[in-house]
Amino acid sequence: MSEATASMATALSGYELLADPQLNKGTAFSEDERDAFHLHGLLPPHVSTLDEQISRALQSLRQFETDIERYAFLRELQDINETLLYATLVGNLEELLPIVYTPTVGAGCQQFSRLYHKPRGLFLSIPHRSRLDQIFAQPRFDAVEAIVVTDGERILGLGDQGAGGMGIPIGKLALYSGCGGLHPATTLPILLDVGTDNADCLADPLYVGWRHERVRGQAYDDFIEAFVSAVIRRWPQVLLQWEDFAKNNATRLLERYRDRLCTFNDDVQGTAAVATGTLLAAINVTGVPLTEQRVAVFGAGSAGCGIAGLIRAAMCDAGLSESEAAQRFFMVDRDGLLIDGMPDLAPFQTPFVQSRRAIEGWTLDHPDQIGLLDVVRNARPTVLIGVSGQAGAFGEPVVRAMAACNERPVIFPLSNPTSRAEATPADIEAWTDKRALVGVGSPFPPLLRDGTRFKVDQTNNSYIFPGVGLGALAVGASRVTDGMFMAAAKALAEASPARLNPKHNLLPPVSALREVAAKVALAVAMQAHREGAAPDVAVDQIQQRLRAKVWTPRYVPLAAK
Ligand SMILES: O=C([O-])CC(=O)C(=O)O
Ligand SMILES: [Mg+2]
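Since this is a predicted model, take the numbers as computed values, not measurements.

(A) How the structure looks around the site of ligand 1. As a structural note, the neighbourhood of ligand 1 is formed by Y101, T102, R154, L156, K172, E243, D244, D266, D267, N416, N460 and N461. At 2.8 Å, a side-chain N or O of N416 approaches an oxygen atom of ligand 1. Its residues assigned to classes, the shell around ligand 1 comprises two nonpolar, four polar and six charged.

Structure (structure tokens):
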């Protein structure tokens, strides 16, 4: 699988070879290969180069009118010829990431049952819970090293998509290969089908999932336990990424399993690392030290509390005590500011409540429920982060209040897809006299600044998880620790163009995601080594291990077995 592979042997030939997306080269099979594998006549006679195939793919793609058609086209290409899909993606990240990933992947999940045409990954449904070992045993999965799993309950900000949620693990793993450089054969997307409460799915005669209300409680937990146990039996060294689980399961399952295998939750930890890294980068511009930041987070779910937890740890690294750091966070949810003694707090929220004393002197429009505007006016946060899934939640009064108390307010509406962002960059720009530092989860059109187009930073966990996966796997890390995410955040901040010039972006461009992943991976691998989570690798082997792990999509000569 590595770069060094001179040729690869296969027993497949003819149509079977053309039907294998990992080996198929389409019109790029050479004359010799066409002889050896009985491909003459099955292919048109001209032998194409990979570059010609990429041009052909891009031309077809650009002819479509809608992004969902482009998404369907690229998914089909992935199922026909993975090398071509990834070679096309890697060379055109800026154009294609919004198609294979956020935001179009959200529509891909909503329309999954309509677009479905070929199996990819695994659908594990509750009725088949006793067959997991048998399903995993297929030789095709021998090479698996990285799994992304979802149960489809909180797909981006779009809620329960049932089996359609499979689009997310497929999209995330496309970035593992396209940005992190993991070989596609080592990746496996998994959808845990525990039913759905999405009435549209249940009523849709074309819905491909298990037509059953979402199973919860002990039966759900037992299924997850059976799944994780079977994963560990089959792939003891695997990296397991949890994605888009709902609030009540995300942190709970992470805590339950993080000491049993090499695993992390991307929405809790990956999003936290990209938010922390972008904030550290913003400090180069605002000049407000981390120890003096006050952070308001709108959406106090697992992602919001994950972000607060990592920024708080960074503040402690910078010299604050735990309690000094804790006072600097203002978590706002459906029922307003989280304050101690509030009923129905989830266990993962309790470390982030404000004390009643801290708000005693506040002037409040709505004393019985302290909303975001009241929080911004009184707490005067330097940073406002949105992970609520509520479009437009950062309205004009809230953003103007941020502008009134900060020379350079830092505002990150991180909810995805584009339609769920708490505010648009253009509105924030207008309401802050262009003084805000903005990071959004989804792609937005550029802003016009001083007559030139300024790219909006995409503060998305795609800057983190491909590097975390690559780094952890390259050194065979046994666990993914909080320290590894802190290292990832700091590595991202170090790669910030704003370090050199405060007028530049906070984050490198999306076109540089492969280089970003390499830097994050190095930091993660070094940290794993430092913490003793990668005992089999000496520090001077780390660079070499990382290089050996990175796959570049190009054709390898095939030999008959
Ligand atoms: O998928 C994305 O773009 C980021 C993410 O994890 C989410 O919004 O759940
Ligand atoms: Mg997610």
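(B) Local environment of the packing of helix α5 (residues 82–91) against helix α10 (residues 167–180). For the pair α5 and α10, the least separation of the axes is 9 Å and the interaxial angle reads 75°. Our classification of the angle between α5 and α10 gives roughly perpendicular. Contacts between α5 and α10 involve Y86, L89 and V90 from the former and L173, A174, S177 and G178 from the latter. The class makeup of the residues in the contact of α5 with α10 is five nonpolar, two polar and no charged.

(C) Representation of the sheet that holds strand β7 (residues 295–298). Overall, mixed pairing links the seven strands, which are arranged β9-β8-β7-β10-β11-β12-β15 in an open sheet. Among the strands making up the open sheet, the edge pair consists of β9 (336–337) and β15 (457–458). Inspection of the sheet shows β7 paired to strand β10 (residues 383–386) by four bridges, in the parallel sense. Across the sheet, the residue bridging to A296 is L384, located in β10. Seen against the sheet, helix α15 (residues 302–317) touches β7, β8 (329–333) and β10 and runs at an angle of roughly 180° to β8.

(D) View of the pairing of strand β11 (residues 410–413). In β11, alternate side chains face the same way, and those of V410 and F412 on one face and I411 and P413 on the other are all buried. Pairing analysis gives four bridges linking β10 to β11, with the strands arranged parallel. If you follow I385 over to β11, its bridge partner there is F412. Taken together, β10, helix α18 (residues 396–405) and β11 form a β-α-β motif whose crossover is right-handed. The pairing of β11 with strand β12 (residues 437–440) spans two bridges and is classified as parallel. Bridging from a neighbouring strand, V410 pairs with L437 of β12. Once the chain exits β11 it traverses helix α19 (residues 425–431) before rejoining the sheet at β12, and the crossover so formed is right-handed.

Cut-offs used in this document
- Residues numbered from 1 in each chain as written.
- Chains lettered and ligands numbered in written order.
- Predicted model: local features only at pLDDT ≥ 70, side-chain atom pairs only at ≥ 80, totals over all residues.
- Heavy atoms only, no water.
- Near = heavy atom within 4 Å.
- Polar contact = N/O pair within 3.5 Å; in protein donor to acceptor, adjacent residues only side chain to side chain.
- Nonpolar A, V, L, I, M, F, W, Y, C, P; charged D, E, K, R; others polar.
- Axes fitted to C-alpha atoms, helices over the stretch in contact; angles between N-to-C directions.
- Helix = DSSP H or I, 4+ residues; strand = E, 2+ residues; numbered from the N terminus.
- Parallel < 35°, antiparallel > 145°, perpendicular 65-115°, else oblique.
- Contact = heavy atoms within 4.5 Å.
- Pairing = 2+ DSSP bridges.
- Buried < 20%, exposed > 50% of the residue type's maximum accessible area, 1.4 Å probe, protein only.
- Right-handed = clockwise from strand over helix to strand, strands pointing away.

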